[in-house]
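# Tertiary structure, described
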Amino acid sequence: MTLGLTTAGESHGPALVAIVTGLPAGLRLNRDAIDADLRRRQQGYGRSPRQQLETDHVEVLAGLRHGRTLGTPLALVVRNRDHENWAWGMSPWEPDGAPSGKGTKPVTLPRPGHADLAGVLKYGHEDVRNALERASARHTAVHVAAGAVAKALLRAVGIVVEGRAVEVGGERDEDGMRAATDAARKERDTLGGVVEVVATGCPPGLGSYATKDERLDGRLAAALMGIQAVKGVEIGEGFELAGMRGSEAHDEIDPGLKRRTNRAGGIEAGVSNGEPIVARAAMKPLPTLMRPLDSVDLETGEPAQALVERSDVQAVEALAVVAEAAIAFELARTARDKFGGDAMGDFVAAHRAYLDRIGWQ
Ligand SMILES: Cc1cc2nc3c(=O)[nH]c(=O)nc-3n(C[C@H](O)[C@H](O)[C@H](O)COP(=O)(O)O)c2cc1C
């Protein structure tokens with residue numbers, strides 16, 4: 001049994017939805033822990049006022065009873081509190097009455113770097129909003145909720161996943177990151193950065209070299225690349241390895257089967273090797289600029305400035321939380337593939353039996 005995740009939801013629609021399948025029965029979930037991750041996603045220097053406007057909370061519609069999973073699909077919902085201002089503009093049904101609130105006029109000014117132009121061409125939309133509402137990173141909220149569930153599952157077998165921002169606008173220390181953000185805000189510009197996710201407690205043997213789809217590095221890279229604005233991924237020393245000699249690149253093995261270094265980032269041949277798993281993702285500067293770039297008005301065909309909509313200066317700390325959730329979900333999926341079980345007790349016992357077989361402390 002593997003873990004599955006399906007999500008739905010537009011940025012200013014009524015709600016975001018996730019359905020997680022393949023969880024064992026008896027996993028205890030804590031609402032406050034899920035909400036704490038949702039809050040972390042909304043915080044961070046450089047975020048837009050929307051994050052202060054709405055405090056996200058998780059609701060569970062199915063798959064949970066008295067705080068424990070039932071082994072059935074888990075349905076998670078995060079409501080868009082801002083939807084009340086978009087009730088007409090983002091009404092799922094033909095709206096009643098005269099247009100009111102936000103989103104009533106079609107958007108025709110595509111932003112370079114966003115889904116806007118490709119989205120309207122691909123789907124035949126006349127209103128760019130029909131593309132940007134889903135392409136927006138708003139729905140990462142529900143991915144973070146699913147990631148929090150995955151983290152609870154992983155914790156039961158001693159695996160802890162943590163993400164953090166390590167670079168913003170080319171700056172690597174806290175003060176530099178803040179100064180770069182302030183400068184970009186003043187100049188009505190945006191920034192990108194780099195996040196790092198570390199997973200500790202993974203035994204050797206998660207993932208496989210047997211087929212391309214089972215490679216853990218491939219799965220983690222796809223999970224990170226699947227997040228909006230991520231344009232580069234590396235595992236361990238990644239791109240640095242390309243310039244090293246073999247003698248300095250690889251992690252020598254001690255008699256106790258531990259490594260002296262961890263340049264591989266905890267994965268060799270698509271399989272975890274027992275060292276901490278380290279993955280980094282590079283985020284491009286956000287495409288919505290308060291000083292818009294050149295574009296075209298799709299209605300008139302004339303040159304125009306791109307859409308200006310309330311937006312973040314940078315969202316690197318938020319990405320760290322989203323990336324943490326993505327890695328946690330993928331590791332949980334790999335752990336479910338390996339240890340199986342319908343009930344939590346089966347899952348934990350299979351993990352224990354495996355550690356005993358390989359003699360891993
Ligand atoms: C957590 C997070 C927050 C984001 N916030 C914004 C934002 O406020 N404004 C914006 O233009 N893009 C934002 N983005 C990036 C866009 O969603 C993304 O660039 C766009 O969907 C195009 O996709 P691509 O960058 O993967 O090509 C954010 C991305 C993430 C992961």
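Every chain is numbered on its own, with residues counted from 1 as its sequence reads. Thresholds applied to this predicted model are a pLDDT of at least 70 for local features of residues and 80 or more for the giving and counting of side-chain atom pairs; totals over whole chains, interfaces and linings are not thresholded and use all residues. Values shown for side chains rest on all heavy atoms present in the structure; no hydrogens or waters enter the calculation.

### Let's talk about the site of the ligand
As a structural note, the neighbourhood of the ligand is formed by 18 residues, with A229, K284, T288, S311 and D312 the closest of them. Counting of polar contacts relies on pairs of N or O atoms within 3.5 Å, with two restrictions inside protein: one atom must be capable of donating a hydrogen and the other of accepting it, and residues adjacent in sequence are counted only when both atoms are side-chain atoms. Within the backbone of A135, an N or O atom sits 3.2 Å from an oxygen atom of the ligand. At a separation of 3.0 Å, an oxygen atom of the ligand approaches a polar side-chain atom of K231. In short, Shrake-Rupley with a 1.4 Å probe defines the accessible areas, and a residue's cover is counted only from the protein chains shown. Compared with its free state, where it exposes 630 Å², the ligand has 86% of that area covered by protein. Each residue gets one label: Ala, Val, Leu, Ile, Met, Phe, Trp, Tyr, Cys and Pro are nonpolar, Asp, Glu, Lys and Arg are charged, and the others, such as Gly, are polar. Here the residues of the shell around the ligand are counted per class, giving nine nonpolar, five polar and four charged. Any residue with a heavy atom positioned within 4 Å of a molecule or strand is treated as near that molecule or strand.

### Some remarks on the nonpolar core
Grouped burial of nonpolar side chains is what soluble globular proteins tend to show. Among buried residues, those of type Ala, Val, Leu, Ile, Met, Phe, Trp, Tyr and Cys that are joined through side-chain atoms within 4.5 Å constitute a nonpolar core. Relative accessibility decides the category of a residue: with a 1.4 Å probe and only protein chains considered, values under 20% of the type maximum give buried, values over 50% give exposed, and everything between is partly exposed. Ranked by internal contacts, the top residues of the largest apolar core, which has 76 residues, are L76, V161 and L331. Only DSSP runs of H or I reaching four residues or more are called helices, and only runs of E reaching two or more are called strands; each is numbered from the N terminus. Sorting elements by how many residues they give to this core places helix α9 (residues 316–339) first, with 16 residues. What makes two residues a contact is simply this: any of their non-hydrogen atoms within 4.5 Å. Excluding its chain neighbours within four sequence positions, the residues that come into contact with L331 are L154, V161, A199, C202, L216 and I277. V107, V120, L132 and L307 belong to the second-largest nonpolar core, a separate cluster that totals five residues.

### A look at the side chain of E275
Take E275: it is sitting in the loop between β11 (271–272) and β12 (277–283). The convention is simple: Lys and Arg are positive, Asp and Glu are negative, and His and the chain ends are not counted. The term salt bridge refers to a side-chain nitrogen of Lys or Arg lying within 4 Å of a carboxyl oxygen of Asp or Glu. Here E275 is buried and forms no salt bridge, its nearest opposite-charge partner R259 lying at an N-O distance of 5.3 Å. Beyond its immediate chain neighbours, meaning those up to four positions away, E275 contacts K258, R259, N262 and G266.

### Regarding unusual backbone geometry
Negative phi is the rule for most residues except glycine; trans is the rule for most peptide bonds. Look at R188: it is not a glycine, yet its phi comes out positive at around 55 degrees. On the secondary structure map, R188 appears in the loop between α6 (174–186) and β8 (193–200).

### Regarding the sheet that holds strand β3 (residues 58–62)
Whether two strands pair depends on DSSP finding at least two bridges between them. Taking strand neighbours across the sheet as the criterion, the four strands line up as β1-β2-β6-β3 in an open arrangement whose pairing is antiparallel. Edge positions in the open sheet fall to β1 (4–8) and β3, since each of these has one partner strand only. Across the sheet, the axes of successive neighbouring strands diverge by a mean angle of 20 degrees, strand direction being ignored. Of the strand pairs in this sheet, strand β2 (residues 15–21) and strand β6 (residues 74–79) are connected by six bridges, and their pairing is antiparallel. When the sheet's bridge partners are listed, I19 is paired in β6 with A75. Strand contacts of helix α5 (residues 140–155): β1, β2, β3 and β6, with the helix running at about 140 degrees to β6, the strand carrying the most contacts. An axis is simply a line fitted to the C-alpha atoms; with a helix, the fit covers only the stretch in contact. Between two such axes, the angle follows the N-to-C directions and lies from 0 to 180 degrees.

### Some remarks on the packing of helix α7 (residues 216–225) against α9
Relative orientation of the contacting elements α7 and α9 amounts to 145 degrees, with a least axis distance of 9 Å. As for how α7 packs across α9, the hand of that crossing is right-handed. Facing L216, R219, L220, A223 and L224 of α7, the residues of α9 in contact are A323, A326, I327, E330, L331, R333, T334 and D337. For the contact of α7 with α9, the per-class residue count stands at eight nonpolar, one polar and four charged. By the definition used in this description, the sense in which the near helix is turned from the far one sets the handedness, with an anticlockwise turn below a right angle giving left-handed and a clockwise turn giving right-handed.

### Considerations on the packing of aromatic side chains
Aromatic rings from Phe, Tyr and Trp, taking only the six-membered ring of Trp, are treated as a pair when their centres fall within 6.5 Å; an angle between ring planes under 30 degrees marks them as stacked, one over 60 as edge-to-face, and anything in between as tilted. Evaluated as defined, the whole model comprises two aromatic pairs. Ring centres of F339 and F347 lie 6.2 Å apart, and the angle between their planes is 75 degrees; on these two criteria the pair is classed as edge-to-face. Between F339 and Y354, the aromatic rings sit 5.9 Å apart at their centres with planes inclined by 55 degrees, giving tilted as the arrangement. Here F339 is found in helix α9, whereas its partner Y354 is found in helix α10 (residues 344–358), with 15 residues between them in sequence. With a relative accessible area of 11%, Y354 lands in the buried category. Aromatic ring contacts, followed pair by pair, group F339, F347 and Y354 into a single cluster. The cationic tip of K122 hangs over the ring face of Y123; the distance from NZ or CZ to the ring centre is 5.2 Å. The ring centre of Y45 lies 4.1 Å from the NZ or CZ of R178, which sits over that ring. Look at NZ for Lys and CZ for Arg. If either is within 6 Å of the ring centre and within 35 degrees of the ring normal, a charge sits over the ring.

### Looking at α5
Under the convention used throughout, the expected extent of a helix is 1.5 Å for every residue step, that is, one less than its residue count. Here α5 contains 16 residues, and its C-alpha end-to-end distance of 22 Å stays within 8% of the 22 Å for a straight helix at 1.5 Å per residue. The buried fraction of α5 is high, at 14 of 16 residues.

### Here's the deal with the pairing of strand β9 (residues 230–235)
The buried count for β9 comes to five of six residues, which makes it a mostly enclosed element. Bridge count between β9 and β12: five bridges; the pairing is antiparallel. Bridge pairing links V230 to M283 in β12.

### Overview of a negative patch on the surface
On the surface, E171, D173, E174, D175 and E317 cluster together into a negatively charged patch. Along the chain, E174 turns up in helix α6. Given a relative accessible area of 51%, E174 falls into the exposed group. Patch membership requires more than 30% relative accessible area and the absence of a salt bridge. Residues of like charge join within 9 Å; the nonpolar side chains Val, Leu, Ile, Met, Phe, Trp and Tyr join within 5 Å. Charge positions are represented by NZ for Lys, CZ for Arg, CG for Asp and CD for Glu.

### Topic: the sheet that holds β9
The strand order across the open sheet built from four strands is β7-β8-β12-β9, with neighbouring strands paired in antiparallel fashion. Of all strands in the sheet, those bounded by a partner on one side alone are β7 (160–168) and β9. Here the average twist between neighbouring strands, direction ignored, is 20 degrees. For β8 and β12, the ladder comprises seven bridges, and the chain directions are antiparallel. Pairing of A199 across the sheet is with I277, part of β12.

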